[in-house]
Amino acid sequence: MNVPTLFFVEASLLFLFSLTMVVNSIGQLGQGANYWFAASNFCGGVSLVLHSFPPSDVFLTIIISNLLLFVELCFLNKAIAEFVERGRHLWLGLLGLSVVATIVTFYAGRQHPIPGLVMEFISVIAISTATCSAVLLFRYPPPGSKIPTLVMGTLFSLYVVNNLVRSLTGYASLRFYHIWIDRTTIAGLSFGFLWMTAARLRNSLQHLASTDALTGTLNRHRIEEAMKGMLAWNRRNDLYVAVLLIDLDRFKGINDNLGHCIGDQVLKALAGRLNSAVRQEDMVGRLGGDEFVILQAGISQPESAEFLTRRVIEILREPYDINGLKVICNVSIGVAIAPGDAQQFDALFSCADAALYKAKAEGRNTVCFYEAGMEANLRERQQLERELRRALDLKAFQLAYQPLVTLHDGNLIGFEALLRWPEGWDPQSPAAFIPVAESYGLIVPLGAWVLGTACATAASWKQPLKLAVNLSPVQFSQGDIVADVTSALKSSGLDPARLELEVTESLWLQDTDTLAVNDVGAAGSICESQL
């Protein structure tokens with residue numbers, strides 16, 4: 001194969017590479033390196049085409065083709081800089097040096113032809129550009145792409161060595177194999193860049209498959225894999241593994257009252273705080289919604305989990321500053337420790353889940369370590385939740401009306417509506433099912449049903465007796481109590497003066513004090529306006 005044929009074949013490959021990279025990168029973000037690489041290949045292809053055909057002006061053709069070669073190397077340097085995210089402006093200096101060298105070579109070669117002058121300038125620029133690219137690759141190899149990056153750096157080094165040999169031995173001895181090594185090395189760089197790009201794409205896909213898109217923490221699938229590996233390793237080394245399940249208390253209220261954008265910012269800020277609280281060998285993940293997990297591996301004593309739990313509570317207690325808005329968000333934490341609580345992944349996770357439910361049932365904003373018997377209580381609680389949902393869908397609940405009398409004369413002044421479990425079902429006390437309804441947010445639709453049904457019943461009474469209805473704090477924090485009261489009064493036609501809303505004192509101990517006061521005031525205004 002002669003030199004023109006070699007150049008023409010390689011030019012065709014470079015044009016193909018250029019077209020492929022452009023087509024594959026259209027419409028995709030973060031593909032700047034690919035576009036620079038495509039531009040580099042295009043310039044290299046044009047340079048080789050000029051070398052492939054007999055020129056009318058040999059000297060001018062050499063100058064132009066070699067300028068394109070310089071630009072090819074500069075663009076390739078820019079593509080590498082974008083890939084490793086270092087030295088992004090270095091290519092401008094190299095390009096300026098190439099242009100200056102080309103102009104000097106052109107005028108010097110026209111007026112005072114010196115043998116090898118053009119080739120010397122070519123070698124100086126090529127060696128400088130290739131050396132800068134090799135340094136970037138060797139010094140800043142991107143994670144997960146080290147092998148293709150090192151291969152690329154080696155090819156650049158080979159290119160530098162080949163040009164140094166040509167400079168030192170003189171260009172009178174220039175042979176075909178010198179050109180073949182040069183061009184084959186550059187072609188290899190093209191293949192190497194494609195290899196690096198493919199490796200980065202593979203790593204990106206693996207990262208996307210194992211991380212949560214919003215918070216950047218590990219997702220449930222990756223947490224499960226890591227936890228199984230941790231359990232096996234710690235079992236062999238006689239160490240402990242702690243699982244901390246973290247659930248944000250009443251996070252739905254933040255989304256409903258402040259918007260989902262604020263809620264997302266809170267989740268991201270919380271994930272950042274969790275990452276700052278753990279050791280490098282620990283793992284933080286998001287299981288979905290407002291539930292997070294910390295895997296604490298390789299601890300020598302269970303007390304280490306208690307220390308981490310206190311640290312997490314302390315860090316998460318501080319208000320979140322979201323766009324100038326102070327947001328307070330408490331958490332409940334359930335903790336299980338292997339091998340004491342369980343030795344297998346599913347069992348350990350179930351223990352931590354049971355402890356979390358216990359923490360939420362005890363009033364939230366607290367920590368609960370797993371104890372024997374919690375799983376049975378959790379199963380009973382989950383069964384009760386299913387029955388609650390079924391009864392709510394069927395509207396099977398019943399209301400009992402307790403008389404209200406005056407103390408001084410015993411006269412009847414009204415009735416208090418009391419929620420009761422459906423008749424004929426397995427009996428459940430309100431003290432058992434109402435906390436579960438509050439925990440799962442079911443008290444909001446259930447409370448609205450109670451208001452509507454009780455108001456309709458009271459409107460049918462012959463005497464204008466008062467009606468007292470109990471409200472849950474959750475109806476203020478998660479529901480729209482004003483809309484529920486308004487709807488019940490309008491649909492029943494009940495005189496608002498006859499309706500009394502009874503609120504438990506625990507409402508005033510919540511973080512939603514201001515909201516509660518405003519809602520009660522608004523509800524009172526509605527009643528007065530309908531008198």
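Every value quoted in this text rests on a predicted model; they were computed, and no experiment measured them. (Residues numbered from 1 in each chain as written. Predicted model: local features only at pLDDT ≥ 70, side-chain atom pairs only at ≥ 80, totals over all residues. Heavy atoms only, no water.)

(A) The overall build of the protein chain, seen in detail. Counting its regular elements, the protein chain contains 18 helices and 11 strands. Put simply, the protein chain has 531 residues, and 46% of those count as buried. Sequence separation of 24 or more characterises 71% of the internal contacts of the protein chain that already satisfy a separation of 6 or more. When the accessible surface of the protein chain is split by element, carbon and sulfur atoms take 59% of a total near 26,300 Å². (Helix = DSSP H or I, 4+ residues; strand = E, 2+ residues; numbered from the N terminus. Buried < 20%, exposed > 50% of the residue type's maximum accessible area, 1.4 Å probe, protein only. Contact = heavy atoms within 4.5 Å. Areas by Shrake-Rupley, 256 points an atom, 1.4 Å probe, with all protein chains shown as cover.)

(B) Fine view of helix α17 (residues 481-492). Look at α17: 17 Å from first C-alpha to last across 12 residues, which is about the 16 Å you get at 1.5 Å a residue. Glycine 493 sits one or two positions beyond α17 and adopts a positive phi of about 75°. (Expected span 1.5 Å × (residues − 1).)

(C) Broad picture of the confidence of the model for the protein chain. On average, residues of the protein chain score 78 in pLDDT, and 78% of them reach the 70 mark or higher. Taken together, the stretch residues 26-30 has pLDDT below 50 and engages in three contacts with residues farther than four places along the chain or on a different chain. Across residues 506-531 the pLDDT falls below 50, and counting only partners more than four positions away or on other chains, this stretch makes 36 contacts in the model. (pLDDT = per-residue confidence, 0-100.)

(D) Structural view of the nonpolar core. Leu388, Phe397, Leu419, Leu467, Val469 and Leu499 are the most contacted members of the largest nonpolar core, which totals 38 residues. Elements supplying a minimum of two residues to this core: α13 (374-394), β9 (412-420), α14 (430-439), α15 (443-459), β10 (466-471), α16 (473-477) and α17. Of the residues forming this core, the biggest block, nine residues, is contributed by α15. Ignoring sequence-local partners within four residues, the contact set of phenylalanine 397 consists of Leu388, Ala391, Leu392, Leu419, Arg420, Trp421, Pro422, Phe433, Leu446 and Trp449. (Core = buried A, V, L, I, M, F, W, Y, C linked by side-chain atoms within 4.5 Å.)

(E) Seen up close, the packing of aromatic side chains. In the structure shown here, the tally under the stated rule is seven aromatic pairs. Their ring planes at 80° and their centres at 5.8 Å tell us that phenylalanine 397 and tryptophan 421 sit as a pair that is edge-to-face. A residue pair is termed long-range when its members are at least 10 positions apart, and phenylalanine 397 in the loop between α13 and β8 (398-405) and tryptophan 421 in the loop between β9 and α14 qualify at 24 residues. A residue is classified by how much of its surface remains accessible, and phenylalanine 397, at 5% relative accessible area, is buried. Judged by relative accessible area, tryptophan 421 falls into the buried class, the value being 8%. Judged by centre distance (6.0 Å) and plane angle (85°), the ring pair of tyrosine 401 and tryptophan 461 falls under edge-to-face. Placement of the pair is tyrosine 401 in strand β8 and tryptophan 461 in the loop between α15 and β10, with a sequence separation of 60 residues. Take tyrosine 401: its relative accessible area is 26%, and that puts it in the partly exposed class. A connected cluster of aromatic rings, assembled from ring pairs, spans Phe397, Trp421, Trp425 and Phe433. (Phe/Tyr/Trp six-rings, centres within 6.5 Å; stacked < 30°, edge-to-face > 60°.)

(F) Local environment of helix α9 (residues 251-258). Within the span of α9, buried status applies to Phe251, Gly253, Ile254 and Asn255. Residues of α9 that are buried in the fold lie against β1 (240-248), α10 (260-277), β5 (325-327) and α16.

(G) Quick look at the packing of α9 against α10. Running from amino to carboxyl end, α9 crosses α10 at an angle of 140°, the nearest separation of the two axes being 6 Å. By the angle between their directions, the pair α9 and α10 is classed as oblique. Two secondary-structure elements touch here, α9 through Phe251, Ile254, Asn255 and Leu258 and α10 through His260, Ile262, Gly263, Val266 and Leu267. For the contact of α9 with α10, a count of residues per class yields six nonpolar, three polar and no charged. (Axes fitted to C-alpha atoms, helices over the stretch in contact; angles between N-to-C directions. Parallel < 35°, antiparallel > 145°, perpendicular 65-115°, else oblique. Nonpolar A, V, L, I, M, F, W, Y, C, P; charged D, E, K, R; others polar.)

(H) Representation of the pattern of salt bridges within the structure. Within the structure shown, the criterion is met by eight salt bridges. Between aspartate 212 and arginine 286 there is a salt bridge; the shortest N-O distance is 3.2 Å. Taken together, the positions of aspartate 212 in the loop between α7 (176-210) and α8 (220-236) and arginine 286 in strand β2 (residues 283-288) put the pair 74 residues apart, joining distant regions of the chain. For the pair formed by aspartate 212 and arginine 286, the shared burial category is buried. Arginine 279 serves as the salt-bridge partner of aspartate 282, at 2.7 Å between the closest nitrogen and oxygen. Looking at arginine 279, the relative accessible area reads 31%, which means it is partly exposed. Connected via shared salt-bridge partners are Arg279, Glu281 and Asp282. (Salt bridge = Lys/Arg side-chain N within 4 Å of Asp/Glu carboxyl O.)

(I) The arrangement of the sheet that holds β9 in detail. Read from one edge to the other, the open sheet built from four strands follows the order β8-β9-β10-β11, with strand pairing classed as mixed. Strands with a single pairing partner mark the edges of an open sheet, and in this sheet they are β8 and β11 (499-503). Shown here is a sheet whose adjacent strand axes are inclined to one another by a mean of 30°, direction ignored. (Pairing = 2+ DSSP bridges.)

(J) Geometry of the sheet that holds strand β6 (residues 331-338). Pairing within the open sheet is mixed, and its five strands lie in the order β2-β3-β1-β6-β7. A strand with exactly one partner marks an edge of an open sheet, and here the two such strands are β2 and β7 (367-369). Here the average twist between neighbouring strands, direction ignored, is 20°. When β6 meets β7, the two strands line up parallel, connected through three bridges. Opposite isoleucine 333, over in β7, you have valine 367 as the bridge partner. In this fold α8 packs onto β1, β2, β3 (291-299) and β6, with an angle of close to 20° to the strand it touches most, β3. Here helix α12 (residues 345-361) sits on the sheet in contact with β1, β2, β3, β6 and β7, set at roughly 150° to β6.

(K) Representation of the pairing of β6 in the model. Taken across its eight residues, β6 has eight buried, putting it largely inside the fold. Here β6 shows two buried faces, one formed by Val331, Ile333, Val335 and Ile337 and the other by Ser332, Gly334, Ala336 and Ala338.

(L) Fine view of the environment of lysine 395. Tracing the sequence through the fold places lysine 395 in the loop between α13 and β8. Assessed through its relative accessible area of 57%, lysine 395 is described here as exposed. It is 9.0 Å that separates the C-alpha atoms of lysine 395 and proline 422, two residues lying 27 residues apart in sequence.

(M) Representation of unusual backbone geometry within the structure. In the segment running from alanine 338 into proline 339, the intervening peptide bond is cis, with an omega of 5°. Within the element layout of this structure, proline 339 appears in the loop between β6 and α12. A positive phi angle, close to 55°, is found at aspartate 238, a residue other than glycine. Looking at the secondary structure, you find aspartate 238 in the loop between α8 and β1. A positive phi is found at lysine 395, a non-glycine position, where the angle reads about 50°.

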